[in-house]
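Survey of secondary and tertiary structure
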Amino acid sequence: MKKLITIAISALIFTSCKNVKKEQTEHSPISDSVEIRNTDYELVKPDTNTEGVLVLFGGYPEDAEDIKREFNILEVAKQKNIGVLFMNYNQKLWLQEDEKQQLAAQLQKIFKDHKLPSANVYFGGFSSGGNVALLISDYLTKKQSSLIPKGVFIVDSPIDLIALYKSSEKNIARNFSEVSVQESTWLLKTLGNQFGNPENTLLEYQKYAVYTSRTETINNIKNLKNTKLRLYTEPDTLWWKENRRADYDQMNAYYLKRLSTTLKKSGFDHVTYIPTKNKGYRADGTRHPHSWAIVDTKELIHWILE
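Residues numbered from 1 in each chain as written. Predicted model: local features only at pLDDT ≥ 70, side-chain atom pairs only at ≥ 80, totals over all residues. Heavy atoms only, no water.

1. Some remarks on the pattern of salt bridges
Across all of its chains, the model carries 21 salt bridges by this definition. A salt bridge links Arg37 to Glu42; its shortest N-O distance comes to 3.8 Å. Judged by its relative accessible area of 35%, Arg37 falls in the partly exposed class. A relative accessible area of 7% means that Glu42 is categorised as buried. For Glu306, the salt bridge is made with Lys228, and the minimal N-O distance between the two is 3.7 Å. Of the two residues, Glu306 is situated in the segment after helix 11 (297-305) and Lys228 in strand 8 (residues 228-233); the sequence distance between them amounts to 78 residues. Owing to a relative accessible area of 56%, Glu306 belongs among the exposed residues under this scheme. The class for Lys228 is buried, based on a relative accessible area of 18%. (Salt bridge = Lys/Arg side-chain N within 4 Å of Asp/Glu carboxyl O. Buried < 20%, exposed > 50% of the residue type's maximum accessible area, 1.4 Å probe, protein only. Helix = DSSP H or I, 4+ residues; strand = E, 2+ residues; numbered from the N terminus.)

Listed below in structure tokens is the structure:
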């Protein structure tokens, strides 16, 4: 049952998206690149002259191999001498303070161990991985770490935890899609156990969420004011209505657009909201607007090298 729920979570709009394990590292040449694998990450880097590093976090059940399969970034990154770090860090919709500390230490160790340049680093994440990318970037920036990303991009991420809770209630009451009901049941239990009902515990949700639209709160990413930010989403309202009976205000796109507006009103001058159309397809060819594929990889690399 647990495996079934995990699969269900990976299929839907609200999919989100450790301690460092003992390394078992393999080095193998890939044309002019070097691939390094262990239990916590996979790194593909140029063997010389790395122009930048892209750190990627997958959605709730995604590991490095899943990201590589769904996000065709490697070839274009290699052409421009960009290293790509695929993290196995997942199953996080929010981060506790100790989790931020541990993840920050892990990332800094990876950069040090593999002599990766830290002058041109970008973080990115799909679904819940986008939440992780934003939250850890804010933490590293706040702490004036040796590893501070110049930019962060997120792909259709569920940034508003209260919105997740309320949408889950709607999905269960609607009872249209079995997969949607399974995921929503899990979300209500997970969020409820951690934070309670948001009607009574709004401040608890606000304390951990990337964004709380009810109050326009952005405290958890306020240190990214001078960081380049990109918010990718594919607001295909027809697909969501036909496949999940979901309303527009249940879609990640709705809250990402609101976040973009709130950030710009708050003096964030480097925010770009990027809605796409008919780009969302999974690696197996399945049409799904909640996909890594909505990102134009060549244009993304150009953004990194600007």
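2. Examining the layout of surface pockets
Where empty space is left can be seen by rolling a probe of water-molecule size over the atoms. In this structure, the largest pocket spans a volume of roughly 260 Å³. Lining the largest pocket we find 13 residues, and of these Glu97, Lys100, Asp138, Lys142 and Asn220 sit closest to its centre. Sorting the residues of the lining of the largest pocket by element identifies helix 4 (97-113), helix 5 (128-142) and helix 8 (202-208) as the ones contributing at least two each. Here the lining of the largest pocket takes three residues from helix 5, the largest share from any one element. Residues belonging to the lining of the largest pocket are distributed by class as follows: three nonpolar, three polar and seven charged. (1 Å grid on protein atoms, 1.4 Å probe; cavity = no way out; pocket = protein on both sides within 12 Å on 5 of 7 lines; lining within 4 Å. Points joined across faces, edges and corners; volume = space filled by probe spheres on them. Nonpolar A, V, L, I, M, F, W, Y, C, P; charged D, E, K, R; others polar.)

3. Description of the nonpolar core
Ranked by internal contacts, the top residues of the largest apolar core, which has 49 residues, are Val55, Phe57, Leu85, Met87, Leu107, Phe123 and Ile136. For this core, the element with the most residues is helix 5, which contributes seven residues. In this structure, Val76, Ile274, Ile301 and Trp303 belong to the second largest nonpolar core, which totals 26 residues. (Core = buried A, V, L, I, M, F, W, Y, C linked by side-chain atoms within 4.5 Å.)

4. Description of the side chain of Thr141
Within the secondary structure layout, Thr141 lies in helix 5. Its relative accessible area of 18% is what places Thr141 among the buried residues. Within the structure, the side chain of Thr141 is placed 2.8 Å from the backbone oxygen of Ser137, a separation counted as a polar contact. Beyond its immediate sequence surroundings of up to four residues, Thr141 is in contact with Ile148, Pro149, Asn223 and Leu224. (Polar contact = N/O pair within 3.5 Å; in protein donor to acceptor, adjacent residues only side chain to side chain. Contact = heavy atoms within 4.5 Å.)

5. A short note on the packing of aromatic side chains
On inspection of all chains with the given rule, the structure shows 15 aromatic pairs. Residues Tyr248 and Tyr254 carry aromatic rings whose centres are separated by 5.3 Å and whose planes lie at 85° to one another, so their mutual orientation is edge-to-face. For Tyr254, a relative accessible area of 24% puts it in the partly exposed group. Of the aromatic side chains, those joined through ring pairs into one cluster are Phe71, Phe126, Phe153, Tyr232 and Trp292. (Phe/Tyr/Trp six-rings, centres within 6.5 Å; stacked < 30°, edge-to-face > 60°.)

6. Here's the deal with helix 7 (residues 178-195)
Working note: α-helix, 3.6 residues per turn, so residues spaced by three or four point in the same direction. Counted at 1.5 Å a residue, the expected span for helix 7 with its 18 residues is 26 Å, and the 25 Å between its end C-alpha atoms agrees. Looking only at helix 7, the buried set comprises Ser180, Val181, Gln182, Glu183, Ser184, Trp186, Leu187, Leu191 and Phe195. Following helix 7 by one or two positions, Gly196 adopts a phi angle in the positive range, close to 85°. (Expected span 1.5 Å × (residues − 1).)

7. Quick look at the packing of helix 4 against helix 5
One can describe the packing of helix 4 onto helix 5 by two numbers: an axis separation of 10 Å at closest approach and a directional angle of 80°. Considering their axes alone, helix 4 and helix 5 lie roughly perpendicular with respect to each other. Together, Glu97, Lys100, Gln101, Leu103, Ala104 and Leu107 of helix 4 and Val132, Ile136, Tyr139 and Leu140 of helix 5 make up the contact between the two elements. Partitioning the contact of helix 4 with helix 5 into residue classes produces seven nonpolar, one polar and two charged. (Axes fitted to C-alpha atoms, helices over the stretch in contact; angles between N-to-C directions. Parallel < 35°, antiparallel > 145°, perpendicular 65-115°, else oblique.)

8. Digging into unusual backbone geometry
When glycine is set aside, most residues are seen to have a negative phi, and most peptide bonds are trans. Located in the positive-phi region is Gln91, a residue other than glycine, with phi close to 55°. Mapped onto the elements, Gln91 comes out in the loop between strand 5 (82-87) and helix 4. The exposure class of Gln91 is partly exposed, given its relative accessible area of 46%. At Gln144, a position not held by glycine, the phi torsion is positive, near 50°. With respect to the secondary-structure elements, Gln144 resides in the loop between helix 5 and strand 7 (151-155).

9. Concerning the pairing of strand 2 (residues 33-37)
By the bridge criterion, five bridges tie strand 2 to strand 3 (residues 41-46) in an arrangement that is antiparallel. Bridged to Ile36 within strand 3 is Leu43. The hairpin turn running from strand 2 into strand 3, its antiparallel successor, is three residues long. (Pairing = 2+ DSSP bridges.)

10. Points about the environment of Leu161
The topology assignment puts Leu161 in helix 6 (residues 161-174). Considered as a pair, Leu161 and Trp94 are 67 residues apart in the sequence and their alpha carbons are 8.7 Å apart. Excluding anything up to four places from it in sequence, Leu161 contacts Leu93, Trp94, Leu191, Phe195, Tyr205, Tyr208, Ala209 and Tyr211.

Note that every value here comes from positions in space, so none of it alone points to a role or purpose.
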